[in-house]
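Each chain is listed here by its residues.
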Amino acid sequence: MLNYIWIGLLMIGFAFGIVNGRLDDVTKAAMDSAQTAVTVCIGLLGVMCLWTGLMKIAEKSGLIRIIGRAVRPVLGFLFPEIPKDHPALGAIVMNLVANFLGLGNAATPLGLKAMKELQSINKDKKTATNAMCMFLVLNTAAIQLVPANIIALRTSEGSKKPAEIIICIWIASVCATIMGIIAAKMLSAVWKKDN
Amino acid sequence: MGLIRHLSDYAVPAIFVVILGVAVLKKVKAYDVFVEGAKDGIDTIIKIIPSLVGLLVAVGVFKASGAMDSLILLLRPVTDLLGMPPQVAPLALLRPISGSASFAFVTEIIKSFGPDSYAGRVAATMMGSTETIFYTLAVYYGSVGIKNIRYTLIAAIMADIISVIASVWACQFVFG
């Protein structure tokens, strides 16, 4: 999909450039943007390293498991179809907590494991279960404790208080997550399995 | 909202103290692990350079040609309704589709308007409060061969729309 968007942006850009007589601006923007991309990335390095380093400490000290144990009771409500001691629940919790801490590298394998476990208790192997839908909705609406790349970007662009945005991001993600849970719960009630 | 903005002053130190506190309790060699983890940060950044070059060039061309202004004008009725800064509207469309393309777009907005501008803050909040939907669903469902995803996409998009609206609202609420 990104292939189409990329070509689309460029082609429409060049077409508008011709119509608006701005081809020289367009050419300059192309070169400048390529340069900017690299300078931006270098500007992000320090803050990114700081957070990935800190989160590695969280990972190594078992914080994923500690938080996982704390949120476990909520899972019964979110995933009523999964048997209480099924390994799927463990994998789901670990994935969501890893996402929460921004540990992308750890989160994806855990998420794939969760899907595999969920598939093992699925009767119709081609159709998603309610638990799968709920898991992926939570996953796409993911709340992140420290959105490191955004704070890094704000820092390198000279924000007075780069971390200030965290509160707004938390509020918006909590709203999105609550909406996701409500939507998944309600749709699961009306959506028949064969739809 | 002075109180909430004050709260954000404590957020980062609190995260540090909790993580380091747990590390002490669990006898983790915090500094060694930190250095090891910081290397991951370099990898992450180095890996995004090629895609960011491609995408920032595309966004830059789209903007310099005047096409962006036309798109923003087109979306104006919706943004006015939500009180959203009009320049941010294309981001709301791009966010569920591609993480790297949206990051390029947020970079462009923050470079043009500044990180502490209204548009810059709303863009950053939107970027941070959702994930890419289509890619995630494709990878996870694809991995186990699910063909019928039922209501997953609808629920995920509903959550995404709320996060866009809530981003605008949260920035107005916190920064007044």
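Rules used throughout
Residues numbered from 1 in each chain as written. Chains lettered and ligands numbered in written order. Predicted model: local features only at pLDDT ≥ 70, side-chain atom pairs only at ≥ 80, totals over all residues. Heavy atoms only, no water. Core = buried A, V, L, I, M, F, W, Y, C linked by side-chain atoms within 4.5 Å. Buried < 20%, exposed > 50% of the residue type's maximum accessible area, 1.4 Å probe, protein only. Helix = DSSP H or I, 4+ residues; strand = E, 2+ residues; numbered from the N terminus. Contact = heavy atoms within 4.5 Å. 1 Å grid on protein atoms, 1.4 Å probe; cavity = no way out; pocket = protein on both sides within 12 Å on 5 of 7 lines; lining within 4 Å. Points joined across faces, edges and corners; volume = space filled by probe spheres on them. Domains from an automatic or database assignment. Buried area = accessible area lost by both parts, 1.4 Å probe. Polar contact = N/O pair within 3.5 Å; in protein donor to acceptor, adjacent residues only side chain to side chain. Nonpolar A, V, L, I, M, F, W, Y, C, P; charged D, E, K, R; others polar. Salt bridge = Lys/Arg side-chain N within 4 Å of Asp/Glu carboxyl O.

As annotated in an unreviewed UniProt entry, chain B is Spore maturation protein from Ruminiclostridium papyrosolvens C7.

The name an unreviewed UniProt entry assigns to chain A is Spore maturation protein, from the organism Ruminiclostridium papyrosolvens C7.

Chemist: I'd like a rundown of the nonpolar core, residues and numbers included.
Modeler: Within the largest apolar cluster, 123 residues are counted, with the highest numbers of intra-cluster contacts made by A:Trp51, A:Met55, A:Phe79, A:Met115, A:Leu118, A:Phe135 and B:Tyr141. Among the elements that make up this core, the one with the highest residue count is helix α2 (residues 23-60) of chain A (14 residues). With sequence-adjacent residues up to four places away left out, A:Met55 is seen in contact with A:Leu101, A:Leu103, A:Leu145, A:Val146, B:Ile15 and B:Ile19.

Chemist: I'd like a description of empty space enclosed by the protein, backed by residues and values.
Modeler: Applying the stated criterion across every chain, the model contains one cavity of 30 Å³ or more. The space that makes up the largest cavity amounts to roughly 30 Å³. Taken together, A:Thr140, A:Ala141, B:Thr130, B:Glu131, B:Ile133, B:Ala156, B:Ala159 and B:Asp160 make up the full set of residues lining the largest cavity. A total of three residues in the lining of the largest cavity trace back to one element, the largest contributor, which is helix α8 (residues 152-175) of chain B.

Chemist: Got a sec to walk through the domain arrangement of chain B? Specific residues and values, please.
Modeler: All names here are of chain B. Here chain B is described as being made up of domain 1 (1-51) and domain 2 (66-175). On a C-alpha basis, the centroid separation for the pair domain 1 and domain 2 is 25 Å. Summed over both partners, the interface of domain 1 with domain 2 comes to about 440 Å²; 69% of that surface belongs to carbon and sulfur atoms. For the interface between domain 1 and domain 2, the tally reads zero residue pairs in polar contact (both at pLDDT 80 or more). Among the residues making up the side of domain 1 that touches domain 2, the classes are represented as two nonpolar, one polar and one charged.

Chemist: Quick rundown of the interface of chain A and chain B? Include the residues and the values.
Modeler: Each partner contributes to the interface: chain A provides 99 residues, whereas chain B provides 98 residues. In this assembly, chain A packs against chain B so that about 8,400 Å² is buried in total across both faces, 77% of it on carbon and sulfur atoms. Three residues stand out in chain A for area buried against chain B, namely A:Ile57, A:Thr140 and A:Glu164, and they jointly supply 8% of the buried area on that side. Across the chain A-chain B interface, the total number found is six salt bridges. In this structure, A:Lys60 and B:Glu36 form a salt bridge, with 3.6 Å as the shortest nitrogen-oxygen distance. Counting the contacts that link chain A with chain B gives 23 residue pairs in polar contact (both at pLDDT 80 or more). Where the side of chain A that touches chain B is concerned, the elements lending two or more residues are α1 (2-19), α2, α3 (63-78), α5 (104-120), α6 (130-140), α7 (148-156) and α8 (165-190) of chain A. Top element by residues in the side of chain A that touches chain B is α2(A). It accounts for 25 residues. Classifying every residue of the side of chain A that touches chain B gives 60 nonpolar, 25 polar and 14 charged.

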